There are 2 protein chains.
Amino acid sequence: MATIEDVAREAGVSVATVSRVINQKGPVSPKSVEKVHVAIAKLNYQPNVWGRRLRRQESRMILIFVPNISNPFYASIVSGIEDTMKKDGYGTMLCITNGDKSREEDFIKLLYDGQADGAVILCIDKNDRNIGKLAKEFPIVQCCEYCVGEDISHVSVDNFAAARQVVQYLTSLGHERIGFVGSVNQFISSEDRQKGFEQGLKEAGLSVDQACFAYADADYSFNSGILAGKELLSREERPTAIFCISDVLALGVIRAAHNLGLEVTRDLSVVGFDDVEYATMLSPMLTTISQPRYSLGKTSAQMLIRQIESGEQGGGVYLEHKLILRESTARH
Amino acid sequence: MATIEDVAREAGVSVATVSRVINQKGPVSPKSVEKVHVAIAKLNYQPNVWGRRLRRQESRMILIFVPNISNPFYASIVSGIEDTMKKDGYGTMLCITNGDKSREEDFIKLLYDGQADGAVILCIDKNDRNIGKLAKEFPIVQCCEYCVGEDISHVSVDNFAAARQVVQYLTSLGHERIGFVGSVNQFISSEDRQKGFEQGLKEAGLSVDQACFAYADADYSFNSGILAGKELLSREERPTAIFCISDVLALGVIRAAHNLGLEVTRDLSVVGFDDVEYATMLSPMLTTISQPRYSLGKTSAQMLIRQIESGEQGGGVYLEHKLILRESTARH
DNA sequence: ATGAAAGCGCTAACAG
DNA sequence: CTGTTAGCGCTTTCAT
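Residues numbered from 1 in each chain as written. Chains lettered and ligands numbered in written order. Predicted model: local features only at pLDDT ≥ 70, side-chain atom pairs only at ≥ 80, totals over all residues. Heavy atoms only, no water.

(A) Representation of the interface of chain A and chain B within the structure. Facing the 45 residues of chain A at the interface are 45 residues of chain B. When the two sides are added together, the surface that chain A and chain B hide from each other amounts to roughly 4,000 Å², 58% of it contributed by carbon and sulfur. Counting the surface chain A buries against chain B, the share from its top three residues, A:W50, A:I69 and A:M281, is 19%. Taken together, the links from chain A to chain B amount to 4 salt bridges. The salt bridge partner of A:D106 is B:K86, with a shortest N-O separation of 3.8 Å. Counting every contact that joins chain A to chain B gives 10 residue pairs in polar contact (both at pLDDT 80 or more). The leading source of residues in the side of chain A that touches chain B is helix α5 (residues 75-87) of chain A, at 6 residues. Its residues assigned to classes, the side of chain A that touches chain B shows 21 nonpolar, 14 polar and 10 charged. (Contact = heavy atoms within 4.5 Å. Buried area = accessible area lost by both parts, 1.4 Å probe. Salt bridge = Lys/Arg side-chain N within 4 Å of Asp/Glu carboxyl O. Polar contact = N/O pair within 3.5 Å; in protein donor to acceptor, adjacent residues only side chain to side chain. Helix = DSSP H or I, 4+ residues; strand = E, 2+ residues; numbered from the N terminus. Nonpolar A, V, L, I, M, F, W, Y, C, P; charged D, E, K, R; others polar.)

As structure tokens, this is what we get:
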């Protein structure tokens with residue numbers, strides 16, 4: 001592998017000049033630039049990243065923390081982040097924690113030993129105790145979920161408004177008894193969606209009846225959606241519509257309904273959240289809230305870069321969601 | 001950030017001794033070890049990776065090439081690779097190409113400029129023209145798919161045998177007219193599954209009738225599965241069972257059947273491949289071939305490490321698949 | 001506009 | 001067993 005010295009020798013200039021050309025920084029005569037370019041091409045030279053990073057004390061690398069990658073929700077967020085970072089010369093490392101604390105710590109070490117300049121976090125409990133400390137030491141942006149109580153940059157949709165909109169839509173279809181399937185997790189999105197749901201109920205003059213609420217496991221799994229749906233639909237006065245805080249849960253509820261001999265949409269309307277790919281793979285196709293996932297990622301990346309390069313931290317950005325009408329909802 | 005020199009000063013020894021302690025290599029007196037450890041703890045010292053990598057000329061980093069992460073098939077393969085690499089002190093970078101040549105090239109550059117020591121490739125055409133050259137320069141392992149014609153290490157299941165087994169199972173249920181939904185992609189797995197399917201047919205004394213074959217788009221998408229299913233099921237003499245080379249395709253076929261007023265399993269049995277999560281999320285749950293995904297990843301990683309550390313390249317390893325019987329198949 | 005040289009933090013060869 | 005020292009490849013003063 002050719003080094004900068006080889007290039008300098010080949011071009012008949014000093015290594016300093018070569019460095020100036022590579023980094024397009026500092027005065028160099030057009031003639032030298034030309035010679036250096038020729039030499040670089042001839043030797044097929046590529047700057048050694050370790051030498052550069054050692055010298056510059058920066059990694060030009062950022063981390064993306066994600067709990068798992070099986071969740072199709074993350075894919076285009078990650079693309080949005082990667083594309084945006086790459087444009088600014090940053091590399092990206094996907095840190096898949098699988099909910100495992102020790103893995104998480106291993107990845108955080110990358111920040112401490114300088115292998116990464118900052119991180120985007122895609123999944124965090126609203127009351128997390130550690131993120132505050134981390135954000136004080138490193139540039140951090142939270143995407144989709146965030147920790148309340150600490151002023152750490154975050155970007156997401158307005159979950160409250162989205163849920164409220166769902167209720168408005170459902171009541172406009174004539175539904176008056178509307179159920180809610182949440183999750184016992186600790187995400188701010190779950191909380192906000194429930195608050196928005198309740199607000200929507202109140203605005204429509206409907207009562208907030210605890211018998212209309214059911215909660216799935218923290219993992220949002222399909223199976224726990226079936227359970228929650230079964231629970232809700234087996235109660236005395238059955239809702240005619242159910243809002244679920246995620247598509248997978250909604251799929252579970254539909255299955256539960258089916259198991260109970262109920263038909264969507266004749267007996268029940270169902271609304272999901274996220275608009276993941278398989279929301280359209282089932283029959284009926286799911287009515288759901290779509291989040292601008294690529295933009296969510298892109299915006300997070302932009303905020304992170306700004307933070308890395310100028311140090312400003314904090315504040316929230318909210319992007320537009322969209323209610324997608326499909327086949328799982330109908331007039332009551 | 002403390003450097004090795006700070007530690008040496010604090011411990012009252014030379015940097016060489018500190019280095020020996022850190023790397024547990026070379027003779028050091030117990031007393032020195034102790035002193036160094038104390039100093040390291042006191043200063044909260046962490047070796048600078050750039051200095052180390054520059055000096056050692058190695059990255060202890062490997063690449064995983066994956067076309068996308070929305071495909072749930074990849075998640076646990078990736079975990080298998082990451083866990084195994086980490087155990088040997090290697091970091092991992094997930095390179096999501098999204099089928100984009102320029103992205104791919106960006107990632108390959110990481111190999112050329114020394115940011116990574118090798119790569120696991122999760123998706124490659126059987127006739128790829130570039131992988132051979134790459135594998136001559138760097139340690140490479142292909143996982144699940146591989147390029148024929150070049151002797152580059154690979155690990156996968158025996159797709160031929162698996163498909164053949166599916167046919168045996170289907171004929172044992174009394175099916176005599178069995179359809180095949182493939183894809184026009186260029187993966188060795190697709191080819192082998194089709195060959196195995198045809199072999200199974202022959203062994204059962206059934207004819208290989210072109211009217212029983214249909215092909216989905218190269219992207220294996222749900223929609224193209226619907227199309228292929230529709231095509232196949234609309235032909236004159238309809239198959240009573242269909243083997244699909246992927247679960248998503250199988251889901252599409254089931255949907256197509258449903259659209260045509262056919263009922264699985266009364267009118268049609270369907271078998272998939274891969275056993276991805278949502279194979280169980282639909283009704284009926286899918287009968288399918290399960291691949292040992294975590295082990296596939298783990299084995300790939302082990303082969304890659306061996307290759308990095310001792311240079312040996314080539315050869316194939318085949319792991320056991322499993323036929324998972326669920327609800328989408330029945331006696332004819 | 002250019003070059004000489006110091007030094008980023010670490011490892012390893014060598015001398016003791 | 002320990003220390004000294006020469007770089008790994010690069011960037012960046014500081015002279016010129």
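(B) Fine view of the environment of B:A161. Residues and elements named next belong to chain B. With respect to the secondary-structure elements, A161 resides in helix α8 (residues 159-172). Exposure remark for A161: the relative accessible area of 25% places this residue in the partly exposed category. For the pair A161 and K195, spaced 34 residues apart in sequence, the C-alpha to C-alpha distance is 9.3 Å. (Buried < 20%, exposed > 50% of the residue type's maximum accessible area, 1.4 Å probe, protein only.)

(C) Broad picture of the state of the cysteines. Counting across every chain of the model gives 0 disulfides over all chains. For A:C147, which is in no disulfide, the shortest distance to another cysteine sulfur is to A:C123 and amounts to 12 Å. Taking relative accessible area as the criterion, A:C147 reaches 2% and is therefore assigned buried. B:C244 supplies the cysteine sulfur nearest to B:C212, a cysteine that is in no disulfide, at a spacing of 13 Å. (Disulfide = S-S within 2.5 Å.)

(D) Seen up close, the domain arrangement of chain A. Taken as a whole, chain A is organised into domain 1 (4-47), domain 2 (59-157 + 293-319) and domain 3 (159-291). A straight line from the C-alpha centre of domain 1 of chain A to that of domain 3 of chain A covers 63 Å. (Domains from an automatic or database assignment.)

(E) Region of the structure containing the pattern of salt bridges. With the rule as written, the count across this model stands at 37 salt bridges over all chains. Among the salt bridges present, the one from A:D6 reaches A:R9, with a minimum N-O distance of 3.5 Å. Of the two residues, A:D6 and A:R9 are both situated in helix α1 (residues 4-11); the distance of 3 residues between them amounts to about one turn of the helix. Exposure remark for A:R9: the relative accessible area of 59% places this residue in the exposed category. Between B:R177 and B:D209 there is a salt bridge, with the nearest N and O atoms lying 3.2 Å from each other. Here the residue B:R177 occupies a position in the loop between α8 and β6 (178-183), and B:D209 occupies one in the loop between α9 (188-203) and β7 (213-216), the gap between them amounting to 32 residues.

(F) Examining the UniProt feature "domain: HTH lacI-type" (unreviewed entry) in chain A more closely. In this numbering, the UniProt entry assigns the feature "domain: HTH lacI-type" (unreviewed entry) to residues 2-56 of chain A. What you have in residues 2-56 of chain A is 71% helix and 0% strand, and the ends, taken at the C-alpha atoms, are 20 Å apart. (UniProt positions renumbered as here; feature names shortened; annotations may be inferred.)

(G) Region of interest: the relation of the copies chain A and chain B. If you rotate chain A by 180° and push it 0.0 Å along the axis, it lands on chain B with an RMSD of 0.1 Å. As the rotation angle and translation indicate, the two copies are arranged about a two-fold axis. Closest approach to the rotation axis within chain A is made by the C-alpha atom of A:W50, at a distance of 2.6 Å. Both copies share a contact surface, since 100% of the interface residues of chain A are interface residues in chain B too. (Least-squares fit on C-alpha atoms with pLDDT ≥ 70 in both.)

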